[in-house]
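Tertiary structure, described
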Amino acid sequence: MVKLNGSNKIKTAVFISGTGSNLKNLIQFSFLNKSPIKISLIVSSNKRAKGLSFADKYKINRKIYDFNNKKKSESLTLKQLKMNNISLICLAGFMKILSPNFIKKFKGIILNIHPSLLPKYKGLNTHTRVLQNKEKYSGCTVHYVNSKLDSGKIILQAKVKISKKDTSSSLKKKILKQEHLLYRKAIKKVFFSL
Ligand code: GRF
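Here we summarise the structure given alongside this text. What you see is a predicted model, and the numbers here were worked out from it, not measured in a lab.

Focus: the site of the ligand
The environment of the ligand is made up of Thr 19, Gly 20, Ser 21, Asn 22, Gly 93, Ile 113, His 114, Pro 115, Leu 176 and Glu 179. The side chain of Ser 21 places a nitrogen or oxygen atom 2.6 Å from an oxygen atom of the ligand. At 2.8 Å, a side-chain N or O of Glu 179 approaches an oxygen atom of the ligand. Calculation on the ligand without its partners gives an accessible area of 360 Å², and the protein chains cover 84% of this total. Elements with a minimum of two residues in the shell around the ligand: α1 (21-30), β5 (109-114) and α6 (168-192).

Considering the side chain of Asn 25
As for its position among the elements, Asn 25 is in helix α1. Look at Asn 25 and you get buried, because its relative accessible area is 7%. When neighbours within four sequence positions are excluded, Asn 25 is seen to be in contact with His 180, Tyr 183 and Arg 184.

With respect to the packing of α1 against α6
Running from amino to carboxyl end, α1 crosses α6 at an angle of 45°, the nearest separation of the two axes being 10 Å. Taken together, α1 and α6 sit at an angle that is classed as oblique. As α1 runs across α6, the sense of the crossing is right-handed. Mapping the contact onto sequence places Ser 21, Asn 22, Asn 25, Leu 26, Gln 28 and Phe 29 in α1 and Leu 176, Glu 179, His 180, Tyr 183, Arg 184, Ile 187 and Lys 188 in α6. Here the contact of α1 with α6 is composed, by residue class, of five nonpolar, five polar and three charged.

Quick word on the nonpolar core
Grouped together as the largest cluster of nonpolar side chains are 35 residues, with contacts concentrated most on Val 14, Ile 39, Ile 42, Tyr 183 and Ile 187. Contact partners of Ile 39, with chain neighbours within four places excluded, come to Thr 12, Val 14, Leu 26, Ile 27, Ser 30 and Ile 60. Judged by nonpolar contacts, the second largest core, of 18 residues, contains Leu 41, Leu 81, Phe 94 and Ile 103.

Focus: α6
Counted at 1.5 Å a residue, the expected span for α6 with its 25 residues is 36 Å, and the 35 Å between its end C-alpha atoms agrees. Listed in full, the buried residues belonging to α6 are Leu 171, Ile 175, Glu 179, His 180, Leu 182, Tyr 183, Ala 186, Ile 187, Lys 188 and Val 190. Of the residues one or two after α6, Ser 193 is the one with positive phi, at around 50°.

Cut-offs and rules
- Residues numbered from 1 in each chain as written.
- Predicted model: local features only at pLDDT ≥ 70, side-chain atom pairs only at ≥ 80, totals over all residues.
- Heavy atoms only, no water.
- Near = heavy atom within 4 Å.
- Polar contact = N/O pair within 3.5 Å; in protein donor to acceptor, adjacent residues only side chain to side chain.
- Areas by Shrake-Rupley, 256 points an atom, 1.4 Å probe, with all protein chains shown as cover.
- Helix = DSSP H or I, 4+ residues; strand = E, 2+ residues; numbered from the N terminus.
- Buried < 20%, exposed > 50% of the residue type's maximum accessible area, 1.4 Å probe, protein only.
- Contact = heavy atoms within 4.5 Å.
- Axes fitted to C-alpha atoms, helices over the stretch in contact; angles between N-to-C directions.
- Parallel < 35°, antiparallel > 145°, perpendicular 65-115°, else oblique.
- Left-handed = near helix turned anticlockwise from the far one by under 90°.
- Nonpolar A, V, L, I, M, F, W, Y, C, P; charged D, E, K, R; others polar.
- Core = buried A, V, L, I, M, F, W, Y, C linked by side-chain atoms within 4.5 Å.
- Expected span 1.5 Å × (residues − 1).

Structural data, given as structure tokens:
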């Protein structure tokens, strides 16, 4: 296997909107020698996102854009991606939908993590809907991003058994734990074809 050091790792941007537990996980993953990525940029659609604290803690360049003005914020984001030589974007709890134009213009890879077993339960409030439908299993999916919501090619999934006692918050917790493992595995799969 190729030996990776800081300078030949894949320059990665993580896009967030909230808590940032996936961001924290990806940052910690990026510090490992066996990790193919280096996180060079964090983009947040929310100036109050808790996850921004990890940018400060780990001294990673961060930008906050108001994605309600999509055209302007996407164009500023594209400029930043170029300036930082980013070739991988990991969406991690990013609550905005990127336009087809953005996806076309960015020449690298865009990945997303979604807390359901896609193609089931695309969109928001997955855990509540899963419980309402009395599903026996749920899980999470890492997939490539295309212009349709939560619909790009699936890279990996992890399944979680739902217990009778599960609430949407206990299920969220269980699945987040799997998300953190899955995002690392999926990135290794993409770059090392594991
Ligand atoms: C995760 O469940 C992720 O799959 C979904 O939003 C949540 C973000 O959590 N897209 P966090 O901000 O990474 O803690």
